[in-house]
Amino acid sequence: MMTLNCAEKDLLDRTFQWQWNIDEKLFYSENLLKIIFGSENPGTVRFRLLIDLLDKKQAEYFKKNIETSISSQDIVTCHVVFSIANVKYLVEVTIFSSNLKLVSGSMFFKRVLPSKQEEASILKTLFYKSSRLLFVCDVHNQILLINQMLVEYLGYEEYEVVGQNISAFIHDKNNVFQEYLFNCETNGTWDGELFFYHKDGSYVAFKANILHYSEPNKSSQLTIFQLNKLDFIFSDIVEFSQQKSNWDWNNKVDFFDALNGMRALRSNQESLVVFVIDTYFHSSKNSISPRWLFDQSIPKLKGFRHIVKLGVLNEEQICGAFISSKLIKTIHRDLAEIFGLLLEENQLQLEHKIQCNIGVSIDGVDAKSNEQVLLNALQALTTSSVGFSYVNEHKVKYFNPKINIINNRKLKLESALQSCLEHDQIYVVYQPIINLKTLKIDKVEALARFNINTSVHHNIQELIELAEENDWINIIDKKVLLTAINELPTLASMLGNEHLGLSINRSMINRSKNRFTLDDTVKLIHSTGIDPSRITIELTESAVCNDNLSILDDIKHITDNDIVLAIDDFGSGYTSFTDLSVLPLNLIKINKLITDDIVKDKQKRLMVKMFTQFIHSMGGEIVIEGVEGPDVLKILVEMGVNYVQGYIFSKPLSLMEHTHTVNDINDIIDQLQLKLLVSDMKKIPTVIDFLMPKPPHVEPDDRIEMFIDMVDSSDMVMVLSNSKCVGYISQHEINAAISPYVNTNAETKHDRLTMTKRAHQIFIPVEYTCYTDYSVESLLKHFCLYPKSVMVVTGKTGIFIGAITIEQVKGHLFKMIQQ
């Protein structure tokens, strides 16, 4: 076998080819084996001899990778450590050809690793320089080794503790230390909280991790203590119990008084929720440390949006109450927010988390008295039956079993969805969006679907909401975007539209630290090389119209990059027409709930028509979602809706399921005679249709007394000069010009002179004019922005044709809707 002196020279940075004959159990690698076993070696050894150069776990790992290569028929690469001539080598093993009889590959010797002596030296240095306090004890708990933190934390020198029993240094007021050691020996480890004596007689609190180490033959057994000093000392906690605390109550009587006060403050739409807490900190239940930490966090509850109070019933039990909604979903969310405020890790600065079990009862629902609502919360806390859920990482159980069933169902569904996302079991389906002018597929909406392994009945919207609640939605949105853009060329070919557009949803949950922002979405779209104008980003109405200026900046960034913006679920109740007038919108998608009954419901029909007229006036287009019936479709065509999507044409399908989509949609168009209906649509109105009845007109020098009676039969008098309108006069201008004493006994010479004022002295100059080819959409947009103005319509040479006010616009639109 080779010597230590030639180890690095002959092996390091070299690659060796090898084969393993499984039937013969022989390993072949002439160059490698001659170096390891000597020049007399024929280039082959029993495979067992090679495996002996690895430790047990390394050998198992090597064999497992060989099995993987055989089963997958793929090239497999792994790293193993060979011990050769007392030198350890890190070897990169590649297995590139394998079957049940012969395996072949290569070995590249990458580097030399520390020897066992070097390892021992490193470990000894790490032990002594560790920032944790470390004890190593024998089977009788006699201290064998201690590191340098002993002096800093406890004030002792090494010679003062080595050889002594560790229990002599532990404050064990409840006589539970031996039980901890027994649990450690049984389970191999124990985590908890221990208090050690300092040399000066005080106590120091540590987070403790105790490991039990035993040789396979039990010839040597050790107990290893790893101690992290906590941010407080035991004397601080004792002092806390004697000081005035932040608790809202310190006994059950005061708690009931607080409940009565909170009950008087809640509204009929709110609930009073009571909860009781069991804490677990370093494996100790309801210890003084968590109570102290909770007490320090109580002032943070002032940041909660409703009233919330916290106190103690006795020396161990913490309980609380808060006002919330009557919806279980909101109560559960509020509970999570409260515990987030109480136990924020960055403020408590703890290395070990406080875990809580929480029992919850709802006043007025579970019980009607103080005693009973508290007992119900305690019963929920202590019952051992199944049916709990979580807020953050804390276990919650409601007294009402139906709530637990609902939450347990949600928990199972969340777990299944999380597993689905972790294993990338997301796929994309596409639903066509039909242009009602061309009756062609203009674009498709890409939608996420999930191969989710669960027996819990659910729908897609529920999964999306769960993903939003758990901050997983960005994973889904990004996956859908990249998959859809990648599949778009194929889909465009299948649907016969080389410029096929793609519509994607972007969730805008209000958690900016986790949000895959719209700016990032734009960058991602540009990185794919696709024409941005083919992409539509759909944002929900609630996300767009929430007074968040940063979102409005992101929205503008979308349209500035030639990407189409669509507001989804329009009509959900968030958006005003004022909001829409300031948004750079392109498309409005009207929710199915609004259009479901428009065949029978006249009010809904009028509402959709008004939506359509208004959005067109703002330069946008309308998409109606969820169209299923032919009668609804025909009404939408007549209303001038731009696009529809729904099951009447196609349900959402995966890429390869769209093979016959174009033919199927053309058959439906022919059956419903949509081409004839589209061609027979009524003439689009022009600004001429909106003109007010021909108003009277005067010259600029005409006196008030000549036209004062004209306003009785008309809303206004137009002032023309050479057939061109220079201004207009309404009753308001006349009233402002003449004296209130005209035609009365108090009339004076000065008053009579006001009747001789000229039209040019009192008229309102023309500010807004347009030609007859001015679009109706632009006209409506104008009056949305300037409702009190007058639009003067002229010919190309400026000749006055007529005038329009908002009253004429409203009147004409009403007639159109009635028709």
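Residues numbered from 1 in each chain as written. Predicted model: local features only at pLDDT ≥ 70, side-chain atom pairs only at ≥ 80, totals over all residues. Heavy atoms only, no water.

Colleague: Tell me about the pattern of salt bridges, and please be specific about residues and values.
Modeller: In the structure shown here, the tally under the stated rule is 17 salt bridges. For Arg305, the salt bridge is made with Asp334, and the minimal N-O distance between the two is 2.4 Å. Remark: Asp334 occurs in helix H12 (residues 328–342) and Arg305 occurs in the loop between helix H11 (288–297) and strand S14 (308–312); sequence separation between them is 29 residues. A relative accessible area of 41% means that Arg305 is categorised as partly exposed. On the basis of relative accessible area, Asp334 is assigned to the buried category, the value being 0%. Residues Asp334 and Arg333 are paired through a salt bridge, measuring 4.0 Å at the closest nitrogen-oxygen approach. (Salt bridge = Lys/Arg side-chain N within 4 Å of Asp/Glu carboxyl O. Helix = DSSP H or I, 4+ residues; strand = E, 2+ residues; numbered from the N terminus. Buried < 20%, exposed > 50% of the residue type's maximum accessible area, 1.4 Å probe, protein only.)

Colleague: Tell me about the pairing of strand S16 (residues 355–362), and name the residues and values.
Modeller: A large share of S16 lies buried, amounting to 6 of its 8 residues. Pairing analysis gives 8 bridges linking strand S12 (residues 270–281) to S16, with the strands arranged antiparallel. Note that in S16 the partner of Asp278 across the bridge is Asn357. Here 4 bridges tie S16 to strand S18 (residues 394–398), and the two strands are oriented parallel to one another. For Asn357, the partnering residue across the bridge sits in S18 and is Lys395. (Pairing = 2+ DSSP bridges.)

Colleague: Explain the confidence of the model for the protein to me, using residue names and the numbers behind them.
Modeller: Considering every residue of the protein, the mean pLDDT works out to 83; 87% of them sit at 70 or more. With pLDDT under 50 throughout, residues 1–5 is counted as low confidence; its partners more than four residues away or in other chains account for 12 contacts. (pLDDT = per-residue confidence, 0-100. Contact = heavy atoms within 4.5 Å.)

Colleague: Any details on the environment of Tyr390? Residues and values, ideally.
Modeller: For Tyr390, the location among the structural elements is in strand S17 (residues 389–391). The exposure class assigned to Tyr390 is partly exposed, which follows from its relative accessible area of 35%. Between the C-alpha atom of Tyr390 and that of Leu411, which follows or precedes it by 21 residues, the distance is 7.9 Å.

Colleague: I'd like a description of the sheet that holds strand S21 (residues 501–505), backed by residues and values.
Modeller: Strand order in the closed barrel formed by 8 strands is S19-S20-S21-S22-S23-S24-S25-S26, and the pairing between neighbours is mixed. Across 5 bridges, strand S22 (residues 535–540) lies against strand S23 (residues 564–570) in parallel orientation. For Ile537, the partnering residue across the bridge sits in S23 and is Leu565. Of the strands in this sheet, strand S19 (426–435), strand S20 (440–450), S21 and S22 are in contact with helix H17 (residues 473–494), which crosses S19 at around 60 degrees. (Axes fitted to C-alpha atoms, helices over the stretch in contact; angles between N-to-C directions.)

Colleague: Please give an account of the packing of helix H10 (residues 252–265) against helix H14 (residues 370–382) that cites residues and values.
Modeller: What describes two packed helices is the angle between their axes and the distance between those same axes. One way to put it is that H10 packs onto H14 with a least axis distance of 10 Å and a crossing angle of 105 degrees. By the angle between their axes, H10 is roughly perpendicular relative to H14. Here Lys252, Phe255, Phe256, Leu259, Asn260 and Arg263 of H10 come into contact with H14, specifically with Asn370, Glu371, Val373 and Leu374. Its residues assigned to classes, the contact of H10 with H14 shows 5 nonpolar, 2 polar and 3 charged. (Parallel < 35°, antiparallel > 145°, perpendicular 65-115°, else oblique. Nonpolar A, V, L, I, M, F, W, Y, C, P; charged D, E, K, R; others polar.)

Colleague: Requested: an account of the environment of Ala416, with residues and values cited.
Modeller: Structurally, the position occupied by Ala416 is in helix H15 (residues 401–422). With a relative accessible area of 10%, Ala416 lands in the buried category. Sequence separation between Ala416 and Thr454 is 38 residues, and the spatial gap between their C-alpha atoms is 6.1 Å. Every residue in contact with Ala416, bar those within four places of it in the chain, is listed here: Ile452, Asn453 and Thr454.

Colleague: How would you explain the sheet that holds strand S33 (residues 800–804) if you had to name every residue and give the values?
Modeller: Taken together, 3 strands build an open sheet; the order of strands is S31-S32-S33 and the sheet is mixed. Looking at which strands have only one partner, the edges of the open sheet turn out to be strand S31 (768–771) and S33. Within the sheet, the average angular offset between the axes of one strand and its neighbour, ignoring direction, is 30 degrees. Along the sheet, helix H31 (residues 776–785) contacts S31, strand S32 (791–794) and S33; its crossing angle with S32, the most-contacted strand, is approximately 155 degrees.

Colleague: Any chance you could break down helix H4 (residues 56–72) for me, citing the residues and the numbers?
Modeller: Its 17 residues give H4 an end-to-end C-alpha distance of 25 Å, which sits within 8% of 24 Å, the value for a rise of 1.5 Å per residue. Among the residues of H4, Ala59, Phe62, Asn65, Ile66, Ser69 and Ile70 are the ones counted as buried. Looking straight down H4, one finds its buried side chains confined to an arc of 140 degrees; they lie on one side. In H4, the exposed residues that point more than 90 degrees away from the buried face are Lys56, Lys57, Lys64, Glu67 and Ser71. Close packing links the buried residues of H4 with strand S1 (15–21), helix H3 (47–51), strand S4 (76–84), strand S5 (87–98) and strand S6 (102–113). Where H4 begins, the side chain of Asp55 points an oxygen toward the backbone nitrogen of Lys57, at a separation of 3.3 Å. Within two residues after H4, Gln73 carries a phi angle of roughly 60 degrees, on the positive side. (Expected span 1.5 Å × (residues − 1). Arc of directions from axis to C-beta. Polar contact = N/O pair within 3.5 Å; in protein donor to acceptor, adjacent residues only side chain to side chain.)

Colleague: An account of the nonpolar core is requested, with residue identities and associated values reported.
Modeller: Counting residues in hydrophobic clusters, the biggest one holds 79 residues, and the most contacted among them are Phe450, Leu502, Leu636, Val644 and Phe649. With 9 residues, the top contributor of residues to this core is H17. Apart from residues lying up to four places away in sequence, Leu502 is in contact with Tyr430, Lys443, Val444, Ala446, Ala484, Ile485, Leu488, Arg534, Ile535 and Thr536. (Core = buried A, V, L, I, M, F, W, Y, C linked by side-chain atoms within 4.5 Å.)

Colleague: I'd like to hear about the side chain of Ser714, residue by residue, with values.
Modeller: Along the chain, Ser714 falls in the loop between helix H27 (704–707) and strand S28 (716–721). Of note is the side chain of Ser714, whose polar atom sits 3.0 Å from the backbone oxygen of Met716. Excluding anything up to four places from it in sequence, Ser714 contacts Pro695 and Pro696.

Colleague: Any chance you could break down the packing of aromatic side chains for me, citing the residues and the numbers?
Modeller: Tallied over the entire structure, the rule returns 21 aromatic pairs. With a centroid separation of 5.5 Å and 75 degrees between ring planes, the pair formed by Tyr89 and Phe109 is classed as edge-to-face. Remark: Phe109 occurs in strand S6 and Tyr89 occurs in strand S5; sequence separation between them is 20 residues. When its relative accessible area of 1% is taken as the criterion, Phe109 is described as buried. Ring pairing ties together the aromatic residues Trp18, Trp20, Phe27, Phe47 and Phe62, which thus form one cluster. (Phe/Tyr/Trp six-rings, centres within 6.5 Å; stacked < 30°, edge-to-face > 60°.)

Colleague: An account of the packing of H17 against helix H18 (residues 518–527) is needed here, citing residue identities and associated values.
Modeller: Between H17 and H18, the shortest axis-to-axis distance is 11 Å and the interhelical angle comes to 25 degrees. Taken together, the axis directions place H17 and H18 in an arrangement best described as roughly parallel. You can see that H17 and H18 cross each other, and the crossing is right-handed. Where H17 abuts H18, its residues Lys478, Leu481 and Leu482 lie against Thr521, Leu524 and Ile525. (Left-handed = near helix turned anticlockwise from the far one by under 90°.)

Colleague: Tell me about unusual backbone geometry, and please be specific about residues and values.
Modeller: One non-glycine residue, Asp13, adopts positive backbone phi at about 65 degrees. Checked against the element boundaries, Asp13 lands in the loop between helix H1 (7–11) and S1. The backbone of Asn141 sits at a positive phi, close to 65 degrees, despite the residue not being glycine. Counting through the fold element by element, Asn141 comes out in the loop between strand S7 (133–137) and strand S8 (143–146).

Colleague: Describe the pairing of S7, and please don't skip the residues or the numbers.
Modeller: The side chains of a regular strand alternate between both faces of the sheet. Within S7, 5 of the 5 residues are buried, which leaves the element mostly enclosed by the surrounding structure. Residues Leu133, Phe135 and Cys137 of S7 are buried on one face, and the alternating residues Leu134 and Val136, pointing to the opposite face, are buried as well. Taken together, the 5 bridges between S7 and strand S11 (residues 221–229) define a ladder with antiparallel strand orientation. Residue pairing in the sheet places Cys137 in a bridge with Thr223 of S11. Sheet analysis places S7 next to S8, joined by 3 bridges and oriented antiparallel. When the bridges of S8 are listed, Phe135 appears paired with Ile146. Linkage of S7 to S8, two consecutive antiparallel strands, is achieved through a turn of 5 residues, within which Asn141 is found at a positive phi near 65 degrees.

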